Amino acid sequence: MSQIDDLPPLRDVIQRHGLAPKKSLGQNFLLDLNLTSRIARTGGRLEGVTVIEVGPGPGGLTRALLAEGAAKVVAIEKDSRAIAALTEIAERYPGRLEIVEADALEVDMAALAGEGPSRVIANLPYNVATPLLTGWVATESWPPFWDGLTLMFQREVAERIVAEPGDEAYGRLGVLCGWRCEARIAFDVRREAFTPPPNVTSSIVRLTPRENPLPCPVRDLEAVTQAAFGQRRKMLRQSLKSLGDATALLEAAGLEPTRRAEEIPVEGFVALARARRAAL
Ligand code: SAM
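Residues numbered from 1 in each chain as written. Predicted model: local features only at pLDDT ≥ 70, side-chain atom pairs only at ≥ 80, totals over all residues.

Observations concerning the environment of Ile4
Piece 1. Among the structural elements, Ile4 can be located in the segment before α1 (10-16).
Piece 2. When the C-alpha atoms of Ile4 and Ser242 are compared, they prove to be 56 Å apart, with 238 residues separating the residues in sequence.
Piece 3. Contact partners of Ile4, with chain neighbours within four places excluded, come to Leu33, Ser37, Arg63, Ala64 and Ala67. (Helix = DSSP H or I, 4+ residues; strand = E, 2+ residues; numbered from the N terminus. Contact = placed C-beta atoms within 7 Å.)

This is the structure:
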């Protein structure tokens, strides 16, 4: 294992601070600093960038982000047991690591990121990974506070994020992410890389915000994708009935009533969302 800093090995850190992994907090730690460095580099050049890291745990990715040159890392961690371990890293990199003990679902990340370019890079706790992603992508205003998201997900969730029409994994998450971002799977991470190993393979996903996503109110897009994918194999004239006059909506959006949600590209859903808004 390569040396990226002069801090102790993560196994020692975990032992010394009593950081036995807790399932309830989605704790699957990465102890290989080569791997955490690769994840940090997947986030792009970090010089001059503030990185928001959700769930630093014992700090393997945090250390890589700092060693790779992030101007500042804001690390948001819910587990109070990890704070002492993170404080040791903060002392090694004076003024560059801000530790926030909080639930990431409840903090104002844009405010924490401050001025200047910022990015989110994290090995997410799987139990809150999708709500966190939705919170970053489905904001009312755009562009967002971040210029990139580099995130670990279970492979199955990663496939849903990058899915295209016709893919089995295509659904609400793929439409939302495809509307606002370019998304790709950067690489897979095998189970054995984690302590303890999760049940499934994981993937690092990279999302870059689109400069000019098609204009459309988020809540209307969510309403139409919820209705359409709620009955994904039914024809749209049937699945959209819960929204009112499905035939009129489809006509206004220029979509054939006999088509199914799984074949409609992002632009089709945006047209539907706009037609819904106009009909309200
Ligand atoms: N970054 C570390 C690594 O790669 O080894 C730990 C990743 S582990 C998959 C997820 C981390 O998120 C844990 O440290 C856990 O305590 C933390 N966590 C879980 N739920 C959280 C929440 N709601 N807000 C902030 N942190 C959370």
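Things to note about the UniProt feature "binding site: S-adenosyl-L-methionine" (unreviewed entry) in the protein
Piece 1. Feature annotation in UniProt assigns "binding site: S-adenosyl-L-methionine" (unreviewed entry) to the following positions: Asn28, Leu30, Gly55, Glu77, Asp103 and Asn123.
Piece 2. Within the element layout of this structure, Gly55 appears in the loop between β2 (50-54) and α3 (60-67).
Piece 3. Leave out the neighbours within four places in its chain, and Gly55 touches Glu77, Ala122, Asn123, Leu124 and Pro125.
Piece 4. Mapped onto the elements, Asn123 comes out in strand β5 (residues 118-123).
Piece 5. Excluding residues that lie within four positions of it along the chain, Asn123 makes contacts with Leu30, Gly55, Leu61 and Met152. (UniProt positions renumbered as here; feature names shortened; annotations may be inferred.)

Quick notes on the pairing of strand β3 (residues 72-77)
Piece 1. Within β3, 6 of the 6 residues are buried, which leaves the element mostly enclosed by the surrounding structure.
Piece 2. Of the two faces of β3, both are covered, the one formed by Lys72, Val74 and Ile76 as well as the one formed by Val73, Ala75 and Glu77.
Piece 3. Relative to β3, β2 runs parallel, the two sharing 5 bridges. Paired with Thr50 across the bridge in β3 is Lys72. (Buried ≥ 20, exposed ≤ 12 C-beta atoms within 10 Å, placed from the backbone. Pairing = 2+ DSSP bridges.)

Here we look at the sheet that holds β5
Piece 1. The mixed open sheet is built from 7 strands, whose spatial order is β4-β3-β2-β5-β6-β9-β7. One side of each edge strand has no neighbouring strand; the edge strands of this open sheet are β4 (97-101) and β7 (181-189). The average undirected angle you get between the axes of adjacent strands in this sheet is 25°.
Piece 2. Note that β2 and β5 share 3 bridges and pair parallel. In the strand pairing of β5, Val51 is matched with Arg119.
Piece 3. Each of β3 and β4 is contacted by helix α4 (residues 83-92), which is oriented at about 165° to β4, the strand it contacts most.
Piece 4. Here helix α6 (residues 129-137) sits on the sheet in contact with β2, β5, β6 (149-154) and β7, set at roughly 150° to β6. (Axes fitted to C-alpha atoms, helices over the stretch in contact; angles between N-to-C directions.)

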